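Notes for the structure review
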Amino acid sequence: MPQTTSSTSPFEDDAPAPDAPVAPAAQSSTDALDSLLDEIDDTIQTNATQFVRSFVQKGGQ
Amino acid sequence: MMLGEIPTPLSVDPARRILGLETEFGLHFDAPNSRPVTPEEVAGHLFHSVVEWGRSSNVFLTNGARLYIDVGAHPEYATAECDSLSQLVAQDKAGERIVHDLVARGEARLAAAGVEGTIYLYKNNTDSAGNSYGCHENYLVRRRADFKAFASVLLPFFVSRQIVTGSGCITRGTEGAHLSFSPRADHMWEGMSSATTRSRPMINTRDEPHANAELYRRMHVIVGDSTMAEPTTRLKMGSTDLLLRILEARLRLPDLALANEMQAIRAIAHDVTGKATVELADGRHLTATDLQESLLETVRSQVDGVIERTDEVDAILDLWERGIHAVREEDPSGVQTELEWAIKFRVLERYRERLGCALDDPRLARLEMAFHDVSPTRGLFNRLQADGLVTRIVSDEDIVAAKTSPPDSTRAALRGRFVTAALESGRDYTVDWVHLKLSGNEPRTVLLKDPFRNVDERVDVLLETLDAQ
């Protein structure tokens, strides 16, 4: 079996594997989602249980 | 007095179909410090401004649509007759804004009545106690003697389409919570019947065509989820329309009759990996992706045949295929700006990771409610869309226009003109899907039996009598 050659130092094997590359568009979309979640976080967390329970309405058709 | 002779029905291209969507909105009044207020009381205040101009809480609007309070105090908006999907999506989205426009005055009236709080309107299908309300699709079909057999062929489609057109939800049970494709699936109790509230069928067979009954029937589908994402709504209505075109050309769909539709719709809803199989009447066991793929291939085989190829048809088939693929591969990244369940799951998952909580956490239930909030500024879906995280297929200009202007190529154009003119005149009038009537000493009525007819001399005469006042 041929030896895989590498020009990098052997110590690099111990370094954490880099994250899988993320396409720029996907990254910016995730950033946009995260900043939106930042903005609504307070609203969502405030009295969530009470807020959810207070929405009860008999069914329609 | 009935005005004039009823004109002969127009001869219509088979590819033209009247489509409509009816949406029941969830109505939530959040007022933690006030006395208890019933949904009926909130709905009454919400619709006060409607009653002021329309003298009723059950009105037709200048865009041809119907707006009213349905059973259970649900604000309901039914689009006017549309004959294209882009028109339908614009009219449907306009409804979200029309009901939202009632909120500020409703809150002010409640405050004046001593209850300070916030009104939320949700375009979703369940409240927090599990009560369900619907989104009903209407498709005008050519009358035939075997309607029930014709429609029942579509049941396997309606059972399995949720893997692409479902709105997605968290299902909470005694053993924790899980993601499901469709919040509506658990509330379906039979395949076809004429009942709605007591025993919800997927296809309602009540024969109310709102049109010339010798020529037409209305297929009334109540198994769908309400959807806010424009590409999802277009796919939901467009895929059904394409299958109907095949059936109306007297061609066959693959025989996918299910052994038990109720079991199948639930099994499919609760397995977002798409691996669950359902039993067919012939004993085969297939997944929802198998069923949908088979139907998609049948439609594809008829493009350039009974289905004329258009950019819109191509777009529908493309999204349908990518949706099936996303489920089969358990990789929603290819549809996460277009299919409602994928848009929603992405947000829920990201927020759940951030909180490090389980799926049954009440903050995620709160997030689901925020997602469906129709408020343009507060609603999470609308904010995702504003930030470019949801694909659009109609413009804001089209939606704003659709709030006041009817589709111009159907009967809705006549109704819209009449409502606008009658309101300006101050005369008493009544309108329904097939009648325009001026009340008073010399009542005059026009019967509009042809939903495709957008020009009618009798309506011109009726409007002239208004001008003459």
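1. Some remarks on the environment of B:R55
Residue and element names in this part refer to chain B. In this fold, R55 is placed in the loop between α2 (48-54) and β3 (58-60). Exposure remark for R55: the 11 C-beta atoms within 10 Å place this residue in the exposed category. Remark: the alpha-carbon pair of R55 and D428, spanning 373 residues in sequence, is separated by 9.4 Å.

2. Looking at the sheet that holds strand β17 (residues 444-447) of chain B
The strands making up a sheet associate through backbone hydrogen bonding, with each pair oriented either parallel or antiparallel. All names here are of chain B. Spatially, β15-β16-β17 is the arrangement adopted by the three strands of the open sheet, whose pairing is antiparallel. Sheet topology places β15 (429-431) and β17 at the edges, where each strand pairs with a single neighbour. For this sheet, the mean inter-axis angle between neighbouring strands, taken without regard to orientation, is 5°. Here strand β16 (residues 435-438) runs beside β17; their pairing, made up of four bridges, is antiparallel. Looking at β17, one finds that H435 is bridged to L447. Relative to the sheet, helix α16 (residues 412-425) contacts β15 and β16, its axis offset from that of β15 by approximately 160°. Packing of helix α17 (residues 457-467) onto the sheet brings it into contact with β16 and β17, and relative to β17 it is tilted by some 155°.

3. With respect to the confidence of the model for chain B
Mean pLDDT over chain B stands at 95; residues scoring 70 or higher make up 99%. For this predicted complex, the interface confidence score (ipTM) comes to 0.92, while the overall pTM stands at 0.93.

4. Some remarks on unusual backbone geometry
Trans peptide bonds make up most of the peptide bonds, and negative phi angles are found at most residues other than glycine. All names here are of chain B. Not every positive phi belongs to a glycine, and R55 is a case in point at roughly 60°. Phi at H210 is positive, roughly 50°, even though this residue is not glycine. The class for H210 is partly exposed, based on 19 C-beta atoms found within 10 Å.

Here is what the cut-offs are and how they apply
Residues numbered from 1 in each chain as written. Chains lettered and ligands numbered in written order. Predicted model: local features only at pLDDT ≥ 70, side-chain atom pairs only at ≥ 80, totals over all residues. Helix = DSSP H or I, 4+ residues; strand = E, 2+ residues; numbered from the N terminus. Buried ≥ 20, exposed ≤ 12 C-beta atoms within 10 Å, placed from the backbone. Pairing = 2+ DSSP bridges. Axes fitted to C-alpha atoms, helices over the stretch in contact; angles between N-to-C directions. Contact = placed C-beta atoms within 7 Å. pLDDT = per-residue confidence, 0-100.

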